[in-house]
Amino acid sequence: MAEQMFLNYETLQKSDGRIPLFTGTDATLSSKQKHGVSSLPKAFDAGYQLSKRSTNMDFVSRTAKLLDRYFNWFLSNRYNEKLGLFSGV
C-alpha cells in the first residue's frame, strides 16, 4: 500500500522532473504556486526507505527513475552556485 502511495508521485511529476508542492483542481491554489516550488525533498528518503525494504523490483525501478528525474530537476533549478547550496521547501 505504501509503495503504491509513493508511486502516485509519477502522476504528479512534471516533464522537467519537478514534483509540485500543491496539486488539485482548485484553480486559485494552482494559480498561486510558483513554478520553482516543489514537493518536499523528503521524497528522496521515503523512496529510499521503501525501496530498500521492497521485494518488488518493478517498484524499485520506477522509484529510481522517478527520483532520478526529480534530482535532476533539483540540480538544474534549485542549486545556487555562488553559495554552493540547494534550496528546498
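The following paragraphs examine the structure supplied in this document.

Rules used throughout
- Residues numbered from 1 in each chain as written.
- Predicted model: local features only at pLDDT ≥ 70, side-chain atom pairs only at ≥ 80, totals over all residues.
- Heavy atoms only, no water.
- Helix = DSSP H or I, 4+ residues; strand = E, 2+ residues; numbered from the N terminus.
- Buried < 20%, exposed > 50% of the residue type's maximum accessible area, 1.4 Å probe, protein only.
- Contact = heavy atoms within 4.5 Å.
- Salt bridge = Lys/Arg side-chain N within 4 Å of Asp/Glu carboxyl O.
- Phe/Tyr/Trp six-rings, centres within 6.5 Å; stacked < 30°, edge-to-face > 60°.

## Considerations on the overall build of the protein
In step 1: Broken down by element type, the protein carries four helices and two strands.
In step 2: Each helix and strand of the protein, placed in order from N terminus to C terminus, yields the pattern α-α-α-α-β-β.
In step 3: Expressed as a percentage of the 89 residues in the protein, the buried residues total 25%.
In step 4: Within the protein, contacts between residues separated by at least 24 positions form 55% of all contacts whose residues are at least 6 apart in sequence.

## Let's talk about the pattern of salt bridges
In step 1: Considering all chains together, one arrives at two salt bridges under this definition.
In step 2: One salt bridge connects Arg 62 with Glu 10, and the closest N-O pair in it is separated by 2.4 Å. Taken together, the residues span a long stretch of sequence, with Arg 62 in helix 4 (residues 57-77) and Glu 10 in helix 1 (residues 2-12) at a distance of 52 residues.
In step 3: Residue classification places Arg 62 among the partly exposed positions, given a relative accessible area of 29%.
In step 4: For the salt bridge of Arg 62 with Asp 58, the shortest nitrogen-to-oxygen distance reads 3.5 Å. Residue Arg 62 and its partner Asp 58 are located together in helix 4, separated by four residues, close to a single helical turn.
In step 5: The class for Asp 58 is partly exposed, based on a relative accessible area of 46%.
In step 6: Three or more residues are tied together by salt bridges with common partners; here these are Glu 10, Asp 58 and Arg 62.

## Points about the environment of Ala 64
In step 1: Summarising the element assignment, Ala 64 is placed in helix 4.
In step 2: Sequence separation of Ala 64 and Gly 47 is 17 residues, and the distance between their C-alpha atoms is 8.0 Å.

## Quick notes on the packing of aromatic side chains
In step 1: Applying the stated criterion to the full structure yields eight aromatic pairs.
In step 2: With a centroid separation of 5.9 Å and 65° between ring planes, the pair formed by Phe 44 and Phe 74 is classed as edge-to-face. Linking Phe 44 in helix 3 (residues 43-53) with Phe 74 in helix 4, this pair joins segments that are 30 residues apart in sequence.
In step 3: The class for Phe 74 is buried, based on a relative accessible area of 7%.
In step 4: Ring centres of Tyr 70 and Trp 73 lie 6.5 Å apart, and the angle between their planes is 15°; this geometry places the pair in the stacked category. Highlighted residues: Tyr 70 and Trp 73, both in helix 4, separated by three residues, approximately one helical turn.
In step 5: A relative accessible area of 0% means that Trp 73 is categorised as buried.

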